[in-house]
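Examination of the molecular architecture
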Amino acid sequence: MHWQTRRFRLDLSRPRVMGIVNVTPDSFSDGGRHDDARAAIAHCERLVAEGADLLDIGGESTRPGAPRVDADSEWARIAGVLAAATQLGVPVSVDTYKPEVMRRALDAGADVINDVQALQAPGALAAVAGSGVGVCLMHMRGEPASMMELAVYGDVVAEVGAFLAQRAQAAQGSGIPAECIVLDPGYGFAKTSTHNLQLLAGQQRLAELGYPLLAGWSRKRTLGDITGRPVEQRLPASLAAALRAVSAGAKVLRVHDVAATVDALKVWAAVDGATIQGTE
Ligand code: HH2
């Protein structure tokens, strides 16, 4: 399995790590840490040195209740960081749901568009079609400001799966090749902790849609609900969720803590590669 992005074809025969770069004052776990371009670029360099296979740059927080940012302000936050990140030798994703930001990001050399709205905004499909860019299509409902009111499901795995299949069809219908598409259940987006856990338990069914899956559990609130830990103490819980996601078919992990996740995956791969004595 591969993910075709603009400049790079990512081999997904082993799970890949997408390092998060939030150039925002208000992201839930690292808001304000990298919100000047110099700090954000240094963070990109550090994540690549730690083994990130790709970077995901975002200029607007999507945490529950986050305020919206207009396209010009979002672009102003990320433009310089994107330009520097594209020199680091790994694919660079831009986390945005705004067609105008997508277009500017593509002009500036982005390899992937990561859209929490799955290219549903008017003009979003047209903005990316024909560019050869990789896309990540994520499930959510409503807007970050109000999404938790929409966290009502009968069978959450089936409903998320139907949505993702429909969005993948829409993307292909507008000319985005299947090999450019990755799907994401959208952990934490318009879902209660129970929904998030049900989705992870049933995630293999989403993998069976036939597209690579990306999973974003890093530091999220459900992990705090389970462990009672504040956001800065959720690394062990994040690693456990990441490995469960891999065992249920995830091919890309979107994480804040790249070095630790890379180590966890090395252990996973070492076991996979071991020959068992006494068997043929
Ligand atoms: N989660 C967040 C943002 N973007 N994109 C995808 N594809 N999948 C996710 O799970 C996902 C995402 C939220 O995390 P973070 O970027 O750390 O926080 P914030 O939205 O507050 O900036």
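Look above for the structure.
Let us look at the structure shown here. Here the structure is a predicted model, which means the values were calculated and not measured.

Right, let's get into the overall build of the protein chain. A tally of regular secondary structure across the protein chain gives 10 helices and 10 strands. On C-alpha atoms alone, the protein chain measures out to a radius of gyration of 18 Å, which is about the 19 Å that the 2.2 N^0.38 rule sets for 280 residues. Overall, the protein chain is about 60 × 45 × 40 Å in size when its C-alpha atoms are taken along their principal axes. Buried residues in the protein chain amount to 53% of all 280 residues.

This brings us to the nonpolar core. Residues Val-21, Ile-57, Val-128, Ile-181 and Leu-253 are the most contacted members of the largest nonpolar core, which totals 72 residues. If we ignore the near neighbours within four places in the chain, the residues touching Leu-253 are Arg-16, Val-17, Met-18, Ala-215, Ala-242, Ala-245, Val-246, Thr-261 and Leu-265. By size, the runner-up hydrophobic cluster in this structure holds 10 residues, among which are Met-18, Leu-54, Val-112 and Cys-136.

Residue pairs three or four apart in sequence face the same way in an α-helix, which turns once every 3.6 residues. Taking 1.5 Å of rise per residue, 16 residues should cover 22 Å, and helix H10 (residues 258-273) covers 22 Å from first to last C-alpha, within 8% of that figure. Among the residues of H10, Val-258, Thr-261, Val-262, Ala-264 and Leu-265 are the ones counted as buried. All buried residues of H10 lie within an arc of 160° about the axis, which places them on one face of the element. Along H10, exposed side chains directed more than 90 degrees from the buried face belong to Lys-266, Val-267 and Val-271. Here the buried face of H10 lies against strand S3 (16-22), helix H1 (37-49), helix H9 (235-247) and strand S10 (250-255).

When you line up the elements, Arg-219 lands in the loop between strand S9 (213-215) and helix H8 (221-227). For Arg-219, a relative accessible area of 15% gives the class buried. C-alpha separation for the pair Arg-219 and Arg-33, spaced 186 residues apart in sequence, amounts to 15 Å. Residues in contact with Arg-219, not counting those within four places in the same chain, are Phe-28, Ser-29, Asp-30, Val-231, Arg-234, Ser-238, His-256 and Asp-257. Polar contacts involving the side chain of Arg-219 include one to the side chain of Asp-257, which spans 3.0 Å.

What follows covers the site of the ligand. Taken together, 18 residues are adjacent to the ligand, and Ser-27, Ser-61, Thr-62, Asp-184 and Lys-220 come closest. In this structure, an oxygen atom belonging to the ligand sits 3.0 Å away from a main-chain N or O atom of Phe-28. A majority-of-atoms criterion places the ligand in the largest pocket. Its residues assigned to classes, the shell around the ligand comprises 6 nonpolar, 7 polar and 5 charged.

Quick look at the layout of surface pockets now. Its boundaries defined by the atoms lining it, the largest pocket holds a volume of some 550 Å³. Every residue lining the largest pocket is counted, 33 residues in all, and those nearest its centre are Phe-28, Arg-63, Tyr-187, Phe-189 and Lys-220. The element best represented in the lining of the largest pocket is H8, accounting for 3 residues. Reported here for the second largest pocket is a volume of approximately 290 Å³. Lining the second largest pocket are 17 residues; nearest its centre among them are Arg-14, Pro-15, Leu-265, Lys-266 and Ala-269.

Here the focus is empty space enclosed by the protein. All chains considered together, the criterion is met by 2 cavities of 30 Å³ or more. When its volume is computed, the largest cavity comes out at roughly 80 Å³. As for the largest cavity, its lining consists of 14 residues, and the residues nearest its centre are Ser-218, Ser-238, Ala-242, Arg-254 and Val-255. Residue assignment for the lining of the largest cavity shows that the elements contributing at least two residues are H9 and S10. The greatest single-element share of the lining of the largest cavity, amounting to 5 residues, is contributed by H9. Of the residues assigned to the lining of the largest cavity, the class counts are 8 nonpolar, 4 polar and 2 charged. Put simply, the second largest cavity is a space of about 40 Å³. Among the residues forming the lining of the second largest cavity, the class breakdown is 2 nonpolar, 2 polar and 3 charged.

By the definition in use, this model includes 1 aromatic pair. Considering the side-chain rings of Tyr-187 and Trp-217, the 4.7 Å spacing of their centres and the 35° angle between planes classify their relative orientation as tilted. Of this pair, Tyr-187 sits in the loop between strand S8 (181-184) and helix H6 (193-201) while Trp-217 sits in the loop between S9 and H8, and the two are 30 residues apart along the sequence. In this structure, Tyr-187 and Trp-217 share a single accessibility class: buried.

Conventions adopted
Residues numbered from 1 in each chain as written. Predicted model: local features only at pLDDT ≥ 70, side-chain atom pairs only at ≥ 80, totals over all residues. Heavy atoms only, no water. Helix = DSSP H or I, 4+ residues; strand = E, 2+ residues; numbered from the N terminus. Rg over C-alpha atoms; globule rule 2.2 N^0.38 Å. Buried < 20%, exposed > 50% of the residue type's maximum accessible area, 1.4 Å probe, protein only. Core = buried A, V, L, I, M, F, W, Y, C linked by side-chain atoms within 4.5 Å. Contact = heavy atoms within 4.5 Å. Expected span 1.5 Å × (residues − 1). Arc of directions from axis to C-beta. Polar contact = N/O pair within 3.5 Å; in protein donor to acceptor, adjacent residues only side chain to side chain. Near = heavy atom within 4 Å. 1 Å grid on protein atoms, 1.4 Å probe; cavity = no way out; pocket = protein on both sides within 12 Å on 5 of 7 lines; lining within 4 Å. Sits in = over half its atoms within 2 Å of the grid points. Nonpolar A, V, L, I, M, F, W, Y, C, P; charged D, E, K, R; others polar. Points joined across faces, edges and corners; volume = space filled by probe spheres on them. Phe/Tyr/Trp six-rings, centres within 6.5 Å; stacked < 30°, edge-to-face > 60°.

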